[in-house]
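Coordinate inspection notes
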Amino acid sequence: GLNCVQGAALGGASANIAIDLSERKLAAARTFGASHTVDPGREDAAAAVRALTDGRGADYVFVAAGSAAAIEQGAGLLRRGGTLVVVGMTAEGAQIRLDPLDIADGALRILGSKMGSARMPHDVQMLADWYLQGRLKLDELISARYPLEGINEAIASAAGGEALRNVITF
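Residues numbered from 1 in each chain as written. Predicted model: local features only at pLDDT ≥ 70, side-chain atom pairs only at ≥ 80, totals over all residues. Heavy atoms only, no water.

Comments concerning the overall build of the chain
In terms of regular secondary structure, the chain is built from seven helices and seven strands. Along its sequence from the N terminus, the chain presents helices and strands in the succession α-β-α-β-α-β-α-β-α-β-α-β-α-β. Taking 15 Å as the expected radius of gyration for a compact globule of 170 residues, we find that the chain reaches 17 Å, a close match to that expectation. Taken along its principal axes, the extent of the C-alpha atoms in the chain is 55 × 35 × 30 Å. (Helix = DSSP H or I, 4+ residues; strand = E, 2+ residues; numbered from the N terminus. Rg over C-alpha atoms; globule rule 2.2 N^0.38 Å.)

This is how it looks when you write it as structure tokens:
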């Protein structure tokens, strides 16, 4: 999710809205370029997005959480002609419910993106350059480093939602 926020910021998004239930992750999103943050546990996310976009809805919604409910919610945040990009991987066999009439009438697009749909020969060099220039935040993603023997602790920390990214060192 943070890399979706960072990518939108690097791409020049005028409104870059991050949605999460964790205040810690919302604070991190602001560091990574979110212009606005929304906690759907405290306010209606769809109403907040509409208010922040002059009633239109979002041009693009990137769903990084591997949650069918988040994907369904994301579709409801789009403007007419908007694009839903599914980044997070759900459990195998998970199903989502979207109304085909809403998709057709709203001229919505739904895209999948695995690993950013990277074009490795071009993108890796560009990303490395951005990192070296200080434009791409990578070090800031790392919450903690664990030796291989601490892998269970690292996994538990990530599963509990405490970590942004944990790194296993050898």
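What follows continues from the structure just given.
As for helix H4 (residues 68-75)
Among all positions of H4, only Ala 68, Ala 70, Ile 71, Gly 74 and Ala 75 are buried. The arc that holds the buried residues of H4, viewed along the axis, is 160°, so those residues lie on one side. Of the surrounding elements, those touching the buried residues of H4 are strand E3 (58-63) and strand E4 (78-86). Its side-chain oxygen 3.3 Å from the backbone nitrogen of Ala 69, Ser 67 forms the N-cap of H4. (Buried < 20%, exposed > 50% of the residue type's maximum accessible area, 1.4 Å probe, protein only. Arc of directions from axis to C-beta. Contact = heavy atoms within 4.5 Å. Polar contact = N/O pair within 3.5 Å; in protein donor to acceptor, adjacent residues only side chain to side chain.)

Considering the nonpolar core
One finds Val 49, Ala 58, Val 61, Val 63, Ala 70, Ile 71, Ala 75, Leu 77, Leu 78, Leu 84, Val 86 and Leu 108 forming the largest nonpolar core, which totals twelve residues. Within the residue set of this core, elements represented by two or more residues are E3, H4 and E4. Among residues more than four places away in sequence, those in contact with Val 63 are Ala 70, Ile 71, Gly 74, Leu 84, Val 85, Val 86, Val 87 and Gly 88. The next biggest cluster of nonpolar side chains, apart from the first, holds nine residues, and it includes Val 5, Ala 28, Phe 32 and Leu 141. (Core = buried A, V, L, I, M, F, W, Y, C linked by side-chain atoms within 4.5 Å.)

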